[in-house]
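Breakdown of the fold
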Amino acid sequence: MGTDDPSAGHRRTLPDASVGTQAITRPPYSAADPDRDYSNGAFIPGAADYAVRWQANAATFRASLGARAQQVIAYGPGPRQVLDLFLPDATPRGIVVFVHGGYWHLFDRSLWSHLAAGPLARGFAVVMPSYTLAPEARIAAMTAEIATVCRWAAGRGSVVVTGHSAGGHLAARMGCADQTVDVARVVPISPLAELEPLRATAMNTVLRIDADEAAVESPARQALRAGVSAHVWVGAEERPAFLWQARLLSEEWDCPWTPAPGKHHFNVIDDLADPQSALCDALLGGL
């Protein structure tokens, strides 16, 4: 898959702001199988090995930091309302919040610690939270939890928020005009920016996204908040639905987007561990 635009004509499908909860129509390329649209592992060789590898790399990285890895810090009363804080060698230049993915019902912060390596090497502290998952929580509640994390982080320096997939959605929500969190920049990675297509998937029996929640919680239907900068990142070899989602958000926010060559949905985050990568430049450049 190249970098050809799969979202041609998408603006004709967007609801006008005046119609509130009107549903967005499905992307023009899509067949009548929404589950296939959003199935990543079926199209990535060795997909089952990634989570095992992430877990091992994350544990090794945490151990290597010693006292600079401060783990299981509560930001709320819930059992999953905890975060890990990773500190650079010197006084932090700012703080990066990374929000994990998993379609809002899988994983936790423990698989991703190694991705803090790039920002740490550039002098930034990194916060990695867990959050309450579906079906226990609705997506709106997850947005509120990540906002609490960002307020916690804002007391410690200038905040940049990033996240992957469902975490990219939650990162993007922190840049929306309806939020009151003090963040300088958001860099959603492979974000789910428009939730309406997901209502037709089998996983919505767990997520329970309805029309009202899709309207409020879709970053592509919200304005980018004044004073917040943004850059949308996605793998050039991702499923067409994710390319559409990324391009949609970049156009609605009038911000840059990058389809990263050679990257699919599971390895698009790898460059966060490399301080010299283009992804780290997009995340931290100018800060």
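Described below are features of the structure shown in this document. Just so you know, these numbers come straight off a predicted model, no measurement behind them. Residue positions are given per chain, counted from 1 along the sequence in the order it is written. At least 70 in pLDDT is required for a residue's local features to be given in this predicted model, at least 80 for side-chain atom pairs to be given and counted, and no such filter applies to totals for whole chains, interfaces and linings, which use all residues. Each side-chain value is worked out from all heavy atoms of the structure, with water and hydrogens disregarded.

1. Details of the overall build of the protein chain
Definition in use: Secondary structure elements are taken from DSSP: a helix is a run of H or I of four residues or more, a strand is a run of E of two residues or more, and numbering for both begins at the N terminus. Note on areas: Shrake-Rupley with a 1.4 Å probe; residue coverage comes only from the protein chains shown.
For the protein chain, the helix and strand inventory stands at nine helices and nine strands. Surface exposure of the protein chain reaches about 11100 Å², of which carbon and sulfur atoms provide 53%.

2. A look at the nonpolar core
Put simply, the rule reads: In plain words, nonpolar cores are sets of buried Ala, Val, Leu, Ile, Met, Phe, Trp, Tyr and Cys residues tied together by side-chain atoms within 4.5 Å. For every residue, the accessible area obtained with a 1.4 Å probe (protein chains only) is divided by the maximum for its type, and the residue is called buried under 20%, exposed over 50%, and partly exposed between those limits. In this description, contact between two residues means that some pair of their heavy atoms is separated by no more than 4.5 Å.
Grouped together as the largest cluster of nonpolar side chains are 58 residues, with contacts concentrated most on Val97, Trp104 and Val161. Every element with two or more residues in this core is listed here: β2 (82-86), β3 (95-99), β4 (125-129), α4 (139-154), β5 (159-164), α5 (166-173), β8 (232-235) and α8 (240-253). Sequence-distant contacts of valine 161, defined by excluding residues within four places in its chain, comprise Val97, Val99, Cys150, Ala171, Met174, Val183, Arg185, Val186 and Val187. Grouped together as the second largest cluster of nonpolar side chains are 32 residues, Tyr50, Phe61, Val96 and Val160 included.

3. Some remarks on the pairing of β5
As a reminder, the rule being used: Note: two strands are recorded as paired if DSSP finds a minimum of 2 bridges between them.
Judged by how many residues are buried, β5 sits mostly within the fold: six of six residues are covered. What you see with β5 is no split at all: Val159, Val161 and Gly163 on one side and Val160, Thr162 and His164 on the other are buried throughout. The sheet contact formed by β3 and β5 spans five bridges and is parallel. By the bridge assignment for β5, valine 97 is matched with valine 161.

4. As for helix α2 (residues 50-65)
Quick note on the threshold: Given a helix with a known number of residues, its expected span is that number minus one, times 1.5 Å. Note: the arc covers the axis-to-C-beta directions of the helix.
Under the 1.5 Å per step criterion, the end-to-end length of α2 is 23 Å for 16 residues, consistent within 8% with the ideal 22 Å. Along α2, the positions that sit buried rather than exposed are Tyr50, Trp54, Ala58, Phe61, Arg62 and Leu65. Taken around the axis of α2, the buried residues stretch over an arc of 100°, which confines them to a single face. Structural note: α2 exposes Val52, Thr60, Ala63 and Ser64 on the side pointing more than 90 degrees away from its buried face. The inward-facing, buried residues of α2 contact β1 (69-74), β2 and α3 (117-121). Phi for glycine 66, located one or two positions after α2, is positive at around 60°.

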